[in-house]
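Listed here are the chains, written in short residue letters.
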Amino acid sequence: MESLKEKTAKGLFWGGLSNGAQQLLNLVFGVFLARLLSTEDYGMVGMLTIFSLVASSLQEGGFISALNRKPEVSHKDYNAVFWACSLFSLSIYLLLFLCAPLIADFYGEPRLVPLSRYIFLGFFITSLGIAPRALLFRNMKVREQSIVSFVSLLLSGLVGVTMAACGFAYWGIATQTLVYVSLFTGLTYYYAKWHPTFHFDFTPVREMFGFSSKLIVTNIFIIINTNVFSVILGRLYSPQVVGNYTQANKWNYMGWSLINNMLQGIAQPVFAKTDNEKERQKNIFRKLLRFTAFVSFPLMLGLALVAKEFIVILLGEKWLESARLLQLLCVMGAFYPVSNLFSNLLISRGHSAIYMWCNIVLCLVQLLAVVFSAPYGMETMIMVYVAITIAWILVWHYFVYQEIRIRLWEVVKDVSPYLAITIVLILVAHWLAMGIDNIYLQFGAKVVFVAVSYCLTLWLLHSTIFREAIGFLRHKPLS
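Residues numbered from 1 in each chain as written. Predicted model: local features only at pLDDT ≥ 70, side-chain atom pairs only at ≥ 80, totals over all residues. Heavy atoms only, no water.

(A) Representation of the packing of aromatic side chains in the model. Applying the stated criterion across every chain, the model contains 23 aromatic pairs. Among the aromatic residues, those joined into a ring-pair cluster are Tyr-78, Phe-82, Trp-83, Tyr-189, Trp-194, Phe-198 and Phe-200. In this structure, Lys-250 packs its charged tip against the face of Trp-251, placed 4.9 Å from the ring centre. Between Arg-467 and the ring centre of Trp-459, over which it is positioned, the NZ or CZ distance is 3.7 Å. (Phe/Tyr/Trp six-rings, centres within 6.5 Å; stacked < 30°, edge-to-face > 60°. Lys NZ or Arg CZ within 6 Å of the ring centre and 35° of its normal.)

The following block contains the structure:
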């Protein structure tokens, strides 16, 4: 049997490899789609994103985390979750199908009626795979989950690009999403080696509902909060403006989700397995915190550094307006995985109520801030939103401190070296590249300087996390 440390290391390795490969594919497909489609095409899909995500959160029901926390799980538990999620999702889809004209009227865009009914099929398909996903998650089958995600993304991306090239416009993006969730669900069943049975006993669902219901509410507020700009901009501005924001937010999400998803596959299971060992759990948390800072700050702040060159080179001049928005969002993206690590610990310890109320208050504060800052322009709205998100880490820390007694100075000690080194290197890189006129050379110079200097600095400073990561990669068998 593998030790918990070995499972964690292997989970991080496969999570990092998988998410890195997926983001590379997203980059390639995203470039093709951005060049083939217009800002309006992205805006059409972007206006519907919040509805799909809220519906998906409802159908998942927080049961993946709830099943992870149970000391013992049987087929009866997974089967109950399957039927509960599937039947509920079917009901929600039928409701959204009927509400499609109201959504179109809200935006003043009649083309959204057939598009929304088509896109919303995706969340019902996803609900069919929640039970086997929970099984893979609980058993830390990160390698299997990585293969599922990669294959689904590759094949669905090819479908989306092909349809866009054939002139299907935003229908190509919508179909790409449906192909992805269909493949993901089917492959999840293949690797989980599990299937539902026609036995309807919802007792396990009722037992888990007290915990999972709070996660449902929380996820809905998070989704509303993270997509509030698409709704407000869609209401106040044209689809082109929504498209620019959607494009910027897409690349920001791809960046921070690379780190977040890598940690998500192991954080909750590892914390759950050390629930009765607070000192050990604190040490694990601090190590994961250092690893998060080690990866997140250079990746996301580095993306902010090259945002203009990145957008123009890959997507073309027509998307230049999204570059400034991407820079602002990347600052938030650098801290988002840190914030999620705190919340994952609270969930693993069963504090779904604290997790829920923290997110509800955060969402309300940010929503009010966005509404009041709207008259000052979109960039001001985003800056206020970003500042509140970063400051809220202090609130998360307060509750995590109650659990594992990690002090604020310990958190600062763990993350500040990586933040300070990154900021200094980015400022130097910006100054050095100012004299370069060629946009390709400027992009390359910034990336190479920051990457090489960052690794060299950590090596000279004898960074434990950096040396452990290098050592693990040197001796890691791909099995």
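Having seen the structure, we can now continue with the description.
(B) Region of the structure containing unusual backbone geometry. Here Ala-169, not a glycine, exhibits a phi torsion of approximately 55°, which is positive. By relative accessible area, which is 22% here, Ala-169 ends up partly exposed. In this structure, His-462 is a non-glycine residue whose phi angle is positive, near 55°. Relative accessible area serves as the criterion here: at 57%, His-462 is assigned to the exposed category. (Buried < 20%, exposed > 50% of the residue type's maximum accessible area, 1.4 Å probe, protein only.)

(C) Region of the structure containing the packing of helix 9 (residues 142-165) against helix 10 (residues 170-192). Between helix 9 and helix 10, the least distance of the axes is 8 Å, while the angle of their chain directions is 155°. The angle between the axes of helix 9 and helix 10 places the two elements in the roughly antiparallel class. Remark: the crossing between helix 9 and helix 10 carries right-handed chirality. A breakdown of the residues in the contact of helix 9 with helix 10 according to their chemical character gives 14 nonpolar, nine polar and one charged. (Axes fitted to C-alpha atoms, helices over the stretch in contact; angles between N-to-C directions. Helix = DSSP H or I, 4+ residues; strand = E, 2+ residues; numbered from the N terminus. Parallel < 35°, antiparallel > 145°, perpendicular 65-115°, else oblique. Left-handed = near helix turned anticlockwise from the far one by under 90°. Nonpolar A, V, L, I, M, F, W, Y, C, P; charged D, E, K, R; others polar.)

(D) Main features of the pattern of salt bridges. According to the stated counting rule, one finds nine salt bridges in the structure shown. With its nearest N and O atoms 2.9 Å apart, the salt bridge here joins Glu-309 to Lys-446. Here Glu-309 is found in helix 16 (residues 307-315), whereas its partner Lys-446 is found in helix 22 (residues 439-460), with 137 residues between them in sequence. The two residues Glu-309 and Lys-446 agree in class, both being buried. Via salt bridges that share partners, Lys-282, Arg-286, Arg-290, Glu-410 and Asp-414 belong to a single interconnected network. (Salt bridge = Lys/Arg side-chain N within 4 Å of Asp/Glu carboxyl O.)

Honestly, it's all geometry; don't read function into it.
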